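Descriptive analysis of the structure
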Amino acid sequence: MKNTLKVILGAAALGMAVSAASAGTLEDVKAKGFVQCGVNTGLAGFSAPNDKGEWTGLDVDFCRAVAAAVFGDGTKIKFTGLSAKDRFTALQSGEIDILSRNTTWTINRDTALGLNFGGVTYYDGQGFMINAKKLPGVNSALQLSGASVCVQSGTTTELNLADYFKANNLEYNPVVFEKFEEANAAYDAGRCDAYTTDQSGLYAVRLQMSAPDDHVVLPEIISKEPLGPAVRQGDDKWFDIVKWTYYALLNAEEAGITQANVEEMKNSTNPDIRRLLGVEAETKIGTDLGLDNAWVANIIKATGNYGEIFERNVGAGSPLKIARGVNALWTKGGLQYGMPIR
């Protein structure tokens, strides 16, 4: 009898846990009237406040796209600046609805931390930057044996750094900081011989140095860093919304739908475009997600397509001027591929 009771109580507890996990982020978001998004405290091109205090960047715009999908309004969003150390706790605890903070998708984070990643919004890789005036003649990371290296704690960057130097039988002195801003300041002050983070981040950090032209990004890429937004496990509906927002941005770019022409494109006779924009007869593309059928059109009105987001934040239209490279659409030789919306 006792064993039977234990089984019943255990099943009840499990049922409560599953129910709590599936409580419904979409419903919570609609009730409070905005999406709460966790972002970097200050990484140019990805998430940083501008001189007016407004959040800008590729990760920021992705969150605005989700808000537009849910509310038809990309301004229904609030941002929480998070350190690398605090970001996962903030998501797990429910403090934020989405983590969109240049975060690498790994098996540990996908399993042990209980996250679901909604796609790879930026394919990156870890690199190194040095002050060429202080280290003349150094043109490869393999020449950094014995160097002190600035790195942020609680990141895959810290782990990759150790692996790289060990694999190449090199000595190094890690200078570890919890906050991104602290690592930047220490490197700029000359406390480290080199700085390591995702290569996109190095270009952003370089712009913040007191003498940007003195700093050189070395050619080595020592890791795979697929960066993307994450949500809590246990809420498939919310996960679907975040995931398909990402695919919508890619499919819109591939179809040539832009912020400027989205209304005009609703008159297209192309079935794929009509379906994407929610004007196909009897479509349930949006309602099956728990959204309005115009959710994709609302996203593009708010942020533009993936290519537009990329170009203005990190690409040719930005101070970083990073080439699309592997982040180009699959039709242009890149890795960005939107699953079919049909």
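Fair warning: this is a prediction, and the values are worked out from it, not measured in the lab. (Residues numbered from 1 in each chain as written. Predicted model: local features only at pLDDT ≥ 70, side-chain atom pairs only at ≥ 80, totals over all residues. Heavy atoms only, no water.)

**Details of helix 6 (residues 156-167)**
What sets the pattern is the α-helix's 3.6 residues per turn: residues three or four places apart point alike. Condition: Strands are runs of DSSP state E lasting at least 2 residues, helices are runs of H or I lasting at least 4, and numbering of each runs from the N terminus. Under the convention used throughout, the expected extent of a helix is 1.5 Å for every residue step, that is, one less than its residue count. The cut-offs for exposure are 20% and 50% of the maximum accessible area for each residue type, with area from a 1.4 Å probe on protein chains only; residues under the lower value are buried, those over the upper are exposed, and the others partly exposed. Comment: arc refers to directions from the helix axis out to C-beta atoms. Whether two residues are in contact is decided by their heavy atoms: any pair within 4.5 Å suffices.
Here helix 6 is 12 residues long and its end C-alpha atoms lie 16 Å apart, about the 16 Å a rise of 1.5 Å per residue gives. Listing the buried residues of helix 6 in full gives T156, T157, N160, L161, Y164 and F165. Each buried residue of helix 6 lies within a common arc of 155° when the element is viewed along its axis, so the set occupies one face. Every exposed residue of helix 6 that faces more than 90 degrees away from the buried side is listed here: L159, D163 and K166. On its buried face, helix 6 sits against helix 5 (107-111), strand 8 (126-131), strand 9 (147-152), strand 10 (172-177), strand 11 (194-198) and strand 13 (225-227). Looking one or two residues past helix 6, N169 carries a phi angle of roughly 55°, positive in sign.

**Some remarks on the sheet that holds strand 11**
To be explicit about the condition: Two strands qualify as a pair provided that DSSP identifies no fewer than 2 bridges between them. Every axis corresponds to a line fitted to the C-alpha atoms, with the helix fit spanning only the stretch in contact, and the corresponding angles, defined between N-to-C directions, vary from 0 to 180 degrees.
Taken together, 5 strands build an open sheet; the order of strands is 10-9-11-8-12 and the sheet is mixed. If you trace the sheet from one side to the other, it starts and ends with strand 10 and strand 12 (215-217), each paired once. In this sheet, adjacent strand axes meet at a mean angle of 30° when their direction is disregarded. Where strand 9 and strand 11 come together, 2 bridges link them in parallel fashion. Directly across from C150, in strand 11, lies its bridge partner Y195. Sitting on the sheet, helix 8 (residues 199-208) is in contact with strand 8, strand 11 and strand 12, with an inclination near 125° to strand 11.

**Describing the packing of aromatic side chains**
Applied cut-off: Pairing of aromatic side chains requires ring centres within 6.5 Å, counting the rings of Phe and Tyr and the six-membered ring of Trp. Pairs whose planes differ by under 30 degrees are stacked, by over 60 edge-to-face, and all others tilted. Lysine and arginine charges are scored as sitting over a ring when NZ or CZ, respectively, is within 6 Å of the ring centre and within 35 degrees of the ring normal.
This model, assessed by the stated rule, comprises 13 aromatic pairs. Ring geometry for F128 and F165: centres 6.2 Å apart, planes at 75°, overall edge-to-face. Of this pair, F128 sits in strand 8 while F165 sits in helix 6, and the two are 37 residues apart along the sequence. There is no split in this pair, since F128 and F165 are both buried. Every member of this aromatic cluster is reached through a ring pair, and the members are F46, Y122, Y306 and F310. The ring of F239 is capped by K243, whose NZ or CZ atom sits 4.6 Å from the centre of that ring.

**What to know about the side chain of N313**
For clarity, the cut-off: The definition of a polar contact used here is a pair of N or O atoms within 3.5 Å, where within protein one atom must be able to donate a hydrogen and the other to accept one, and adjacent residues in sequence count solely through side-chain atom pairs.
Here N313 lies in helix 13 (residues 306-313). A distance of 3.3 Å separates a polar atom in the side chain of N313 from the backbone nitrogen of G57. Looking at N313, its side chain comes within polar contact range of the side chain of D61, at 3.0 Å.

**A closer look at unusual backbone geometry**
In this structure, N169 is a non-glycine residue whose phi angle is positive, near 55°. Overall, the relative accessible area of 69% leaves N169 in the exposed class. Here K321, not a glycine, exhibits a phi torsion of approximately 50°, which is positive. Secondary-structure assignment places K321 in the segment after helix 13. We classify K321 as exposed; its relative accessible area is 58%.

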